Amino acid sequence: IRRQRQMCIRDRFRMVEFFCEYDFANTFDADPLDPAREGDVANTPVPTDLWAQVVGLPILGNIRVGNQKPPISFEHLTSSRWLNFLERSFMFDAFIGGLDNGFRPGVQVFNWSQDETVTWAFGIFKNNNTVFGWNVGDGEYDLTGRITWTPIYAEEGKYLVHLGLGASGRDLDNDRYRLRARTMLRNGPAPLHTALSDVRFLGDTMYVLVPELALVWGPWSLVAEYYATWFSDVAFPVNAPVPVGTTFYHGGYVELLYFLTGEFRPYLRPGG
């Protein structure tokens with residue numbers, strides 16, 4: 001009887017998983033009134049993945065609570081350890097994770113079909129204008145969901161076709177947004193990055209739609225995404241706002257790669 005009780009307790013703990021990770025390379029401009037330079041930037045440790053989850057639940061599948069990535073965009077959900085290139089696309093910086101590094105506190109429910117062909121995820125998150133994983137604004141939330149399908153999957157992923165669609169409705173934190181794209185996000189202090197665009201404006205809600213395609217065919221791999229983004233009740237500039245109504249921004253990328261040594265790009269089916 002004692003042995004059976006121990007197994008039962010062990011099985012219960014197997015339903016609980018957690019992840020704790022911090023970014024010690026994040027930096028900030030110590031004196032934002034002066035132009036950023038090497039002498040006035042400082043390191044600021046911030047949380048990235050900092051969550052606990054219950055797995056194997058009937059119907060729901062898995063529930064994750066804490067600081068995490070909202071389920072949208074193929075390249076966003078791909079860990080930076082496994083990116084095809086050193087950087088993600090400019091669309092990630094502009095529309096997905098430029099303000100909070102792509103991580104937000106919230107609750108997410110996710111699951112996949114028995115044959116792992118279809119995955120789905122949906123979550124409620126707290127909007128954030130910083131990378132520190134907390135926010136005190138009231139009534140500003142992020143509803144994000146994603147569904148994926150692999151109609152072709154053969155030879156343990158050596159040949160596959162992935163289709164996905166992510167959507168998000170986000171109340172703007174403090175009714176404002178900063179739309180920017182920078183180069184070399186992981187090369188040197190953030191305040192010193194070269195900004196290709198940097199626009200600040202007032203608004204109410206942000207809507208994002210991201211269809212995605214990934215293909216692995218032996219040593220060949222292709223990834224493509226399109227980002228369609230709407231902002232409602234926009235007014236700019238911030239200091240002397242002029243109402244302009246709804247604005248639309250969009251962009252996309254295509255990556256095509258070939259392994260000279262014959263390997264193929266691995267794919268995590270339950271995560272899409």
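A quick note: this is a predicted structure, and the numbers were derived from the prediction, not measured.

**Student:** What is the right way to read unusual backbone geometry from this model?
**Tutor:** Most peptide bonds are trans, and most residues other than glycine sit at a negative phi. Of note, the bond from phenylalanine 236 into proline 237 is cis; its omega dihedral lies within 30 degrees of zero at 0°. Following the sequence through the fold, proline 237 ends up in the loop between strand S13 (220–236) and strand S14 (242–258). Positive phi, close to 65°, is recorded for isoleucine 59, a residue that is not glycine. Structurally, isoleucine 59 is set in the loop between strand S4 (46–57) and strand S5 (61–68). For isoleucine 59, a relative accessible area of 77% corresponds to the exposed category.

**Student:** Could you clarify how one ought to interpret the environment of phenylalanine 18 in this entry?
**Tutor:** Tracing the backbone shows phenylalanine 18 in strand S1 (residues 16–23). Separated by 33 residues in the primary sequence, phenylalanine 18 and tryptophan 51 have C-alpha atoms spaced 5.7 Å apart. What phenylalanine 18 contacts, discounting residues up to four positions off in sequence, is Trp51 and Ala52.

**Student:** Even after reading the chapter, I still don't get a nonpolar patch on the surface, so can you show me in this structure?
**Tutor:** There is a patch of nonpolar side chains on the surface, built from Trp120, Ile147, Leu165, Tyr207, Leu209, Tyr226, Trp230 and Phe248 and spanning about 720 Å² of accessible area. Among the secondary structure elements, those contributing two or more residues to the nonpolar patch are strand S12 (205–217) and S13. Structurally, tyrosine 226 is set in strand S13.

**Student:** Help me understand the environment of tyrosine 227, please; the structure alone is not making it clear to me.
**Tutor:** As for its placement among the helices and strands, tyrosine 227 is situated in strand S13. With relative accessibility at 0%, the residue tyrosine 227 sits in the buried group. It is 9.0 Å that separates the C-alpha atoms of tyrosine 227 and phenylalanine 92, two residues lying 135 residues apart in sequence. Among the polar contacts made by the side chain of tyrosine 227, one reaches the side chain of glutamate 225 at a distance of 3.4 Å.

**Student:** For this particular structure, what's the right way to read empty space enclosed by the protein?
**Tutor:** Any empty space left between the atoms is revealed when a probe the size of a water molecule rolls over them. With the rule as written, the count across this model stands at two cavities of 30 Å³ or more. Every element with two or more residues in the lining of the largest cavity is listed here: strand S9 (159–171) and strand S10 (176–182). A class-by-class count of the residues in the lining of the largest cavity yields four nonpolar, three polar and five charged. Approximately 40 Å³ is the volume found for the second largest cavity. Of the residues belonging to the lining of the second largest cavity, the class tally is four nonpolar, three polar and three charged.

**Student:** What am I meant to see in the side chain of arginine 146 here?
**Tutor:** Secondary-structure assignment places arginine 146 in strand S8 (residues 141–154). Side-chain polar atoms of arginine 146 contact the backbone oxygen of glycine 271, separated by 3.4 Å.

**Student:** I would appreciate a short explanation of the pattern of salt bridges in the present structure.
**Tutor:** Under the defined criterion, the tally for this structure stands at five salt bridges. A salt bridge links aspartate 100 to arginine 104, with the nearest nitrogen and oxygen atoms 2.5 Å apart. Each of the two residues, aspartate 100 as well as arginine 104, counts as buried. The shortest N-O distance in the salt bridge between arginine 170 and aspartate 142 comes to 3.1 Å. One end of the pair, arginine 170, is in strand S9; the other, aspartate 142, is in strand S8, and 28 residues separate them in sequence.

**Student:** Explanation requested: the packing of aromatic side chains in the structure shown.
**Tutor:** In total, this model carries eleven aromatic pairs according to the counting rule given. With a centroid separation of 5.1 Å and an interplanar angle of 75°, the aromatic rings of tyrosine 159 and tryptophan 217 are classed as edge-to-face. Of the two residues, tyrosine 159 is situated in strand S9 and tryptophan 217 in strand S12; the sequence distance between them amounts to 58 residues. Aromatic side chains phenylalanine 201 and tyrosine 249 sit 6.3 Å apart centroid to centroid with 10° between the ring planes, which places their arrangement in the stacked category.

Conventions and cut-offs
- Residues numbered from 1 in each chain as written.
- Predicted model: local features only at pLDDT ≥ 70, side-chain atom pairs only at ≥ 80, totals over all residues.
- Heavy atoms only, no water.
- Helix = DSSP H or I, 4+ residues; strand = E, 2+ residues; numbered from the N terminus.
- Buried < 20%, exposed > 50% of the residue type's maximum accessible area, 1.4 Å probe, protein only.
- Contact = heavy atoms within 4.5 Å.
- Patch = residues over 30% accessible without salt bridge, like charges linked within 9 Å, V, L, I, M, F, W, Y side chains within 5 Å.
- Areas by Shrake-Rupley, 256 points an atom, 1.4 Å probe, with all protein chains shown as cover.
- Salt bridge = Lys/Arg side-chain N within 4 Å of Asp/Glu carboxyl O.
- Polar contact = N/O pair within 3.5 Å; in protein donor to acceptor, adjacent residues only side chain to side chain.
- 1 Å grid on protein atoms, 1.4 Å probe; cavity = no way out; pocket = protein on both sides within 12 Å on 5 of 7 lines; lining within 4 Å.
- Points joined across faces, edges and corners; volume = space filled by probe spheres on them.
- Nonpolar A, V, L, I, M, F, W, Y, C, P; charged D, E, K, R; others polar.
- Phe/Tyr/Trp six-rings, centres within 6.5 Å; stacked < 30°, edge-to-face > 60°.

Shape is all these values report; function is a separate question.
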